[in-house]
Amino acid sequence: MQRVKLCIVLLSLTFLASLSGMFFITYHCNELSGDITKARDAYYSGDKETALAIMETAVSEWNRDCRAFSCFVKGEKLMELNSSVSRLIPFMESDNDELSAEFMTTLSHLEL
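Owing to the predicted nature of the structure, the values given are computational and were not obtained by experimental measurement.

Undergrad: How should I be thinking about the packing of aromatic side chains in this particular structure?
TA: Here a ring pair, both rings aromatic, is described through the centre-centre distance and the interplanar angle of the planes. Taken as a whole and judged by the stated rule, the model has four aromatic pairs. Between Tyr-44 and Phe-103, the ring centres sit 6.3 Å apart and the planes meet at 70°, which makes this aromatic pair edge-to-face. Residue Tyr-44 is found in helix H1 (residues 2-44), and its partner Phe-103 is found in helix H4 (residues 99-109); the two are separated by 59 residues along the sequence. A relative accessible area of 0% places Phe-103 in the buried class. Counting every residue linked through ring pairs, the aromatic cluster contains Phe-24, Trp-62 and Phe-69.

Shown next, in the form of structure tokens:
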């Protein structure tokens, strides 16, 4: 009987960890997606400094949170997203023509 109780407790903890991980990922992906959209809108409206500030904040938050993502997301998908996020600021600083495509790529990667 004690083994059954222990199994139920372990299964419940595993379920709660998975559920909280899912909410964590959803929340932070939506937050990063919103920040990227704000930065894109600010950049195309001509406010490059505000767009860069928003992206620097978003990238620092992403770098803080991406370690926790590795527990729940496949490594190759996470690496694609990480490289896409890291390319946005240099593209914005250099007024690269591929910035629009990189915004769209990053936003599509965030749809986990």
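Undergrad: Help me out: how do you make sense of the confidence of the model for the protein chain in this one?
TA: Reading predicted coordinates in detail is not appropriate for stretches of low pLDDT. In the predicted model, the protein chain carries a mean pLDDT of 89, and 99% of its residues have values of at least 70. Ranking the elements of the protein chain by mean pLDDT puts helix H3 (residues 75-93) last, at 88, and H1 first, at 92.

Undergrad: Would you take a moment to explain the packing of H1 against helix H2 (residues 48-69) for this structure?
TA: Helix-helix packing: each pair is described by the crossing angle between the helix axes and the interaxial distance. Where H1 meets H2, the axes come as close as 8 Å, and the angle between the chain directions of the two elements is 165°. Judged on the interaxial angle alone, H2 and H1 are roughly antiparallel. For the element pair H1 and H2, the recorded crossing hand is left-handed. Between H1, through Phe-24, Ile-25, His-28, Cys-29, Glu-31, Leu-32, Asp-35, Ile-36, Lys-38, Ala-39, Ala-42 and Tyr-43, and H2, the contact on the second element is made entirely by Lys-48, Thr-50, Ala-51, Ile-54, Met-55, Ala-58, Glu-61, Trp-62, Arg-64, Asp-65, Ala-68 and Phe-69. Residue composition of the contact of H1 with H2, by class: 15 nonpolar, two polar and seven charged.

How each quantity is defined
Residues numbered from 1 in each chain as written. Predicted model: local features only at pLDDT ≥ 70, side-chain atom pairs only at ≥ 80, totals over all residues. Heavy atoms only, no water. Phe/Tyr/Trp six-rings, centres within 6.5 Å; stacked < 30°, edge-to-face > 60°. Helix = DSSP H or I, 4+ residues; strand = E, 2+ residues; numbered from the N terminus. Buried < 20%, exposed > 50% of the residue type's maximum accessible area, 1.4 Å probe, protein only. pLDDT = per-residue confidence, 0-100. Axes fitted to C-alpha atoms, helices over the stretch in contact; angles between N-to-C directions. Parallel < 35°, antiparallel > 145°, perpendicular 65-115°, else oblique. Left-handed = near helix turned anticlockwise from the far one by under 90°. Contact = heavy atoms within 4.5 Å. Nonpolar A, V, L, I, M, F, W, Y, C, P; charged D, E, K, R; others polar.

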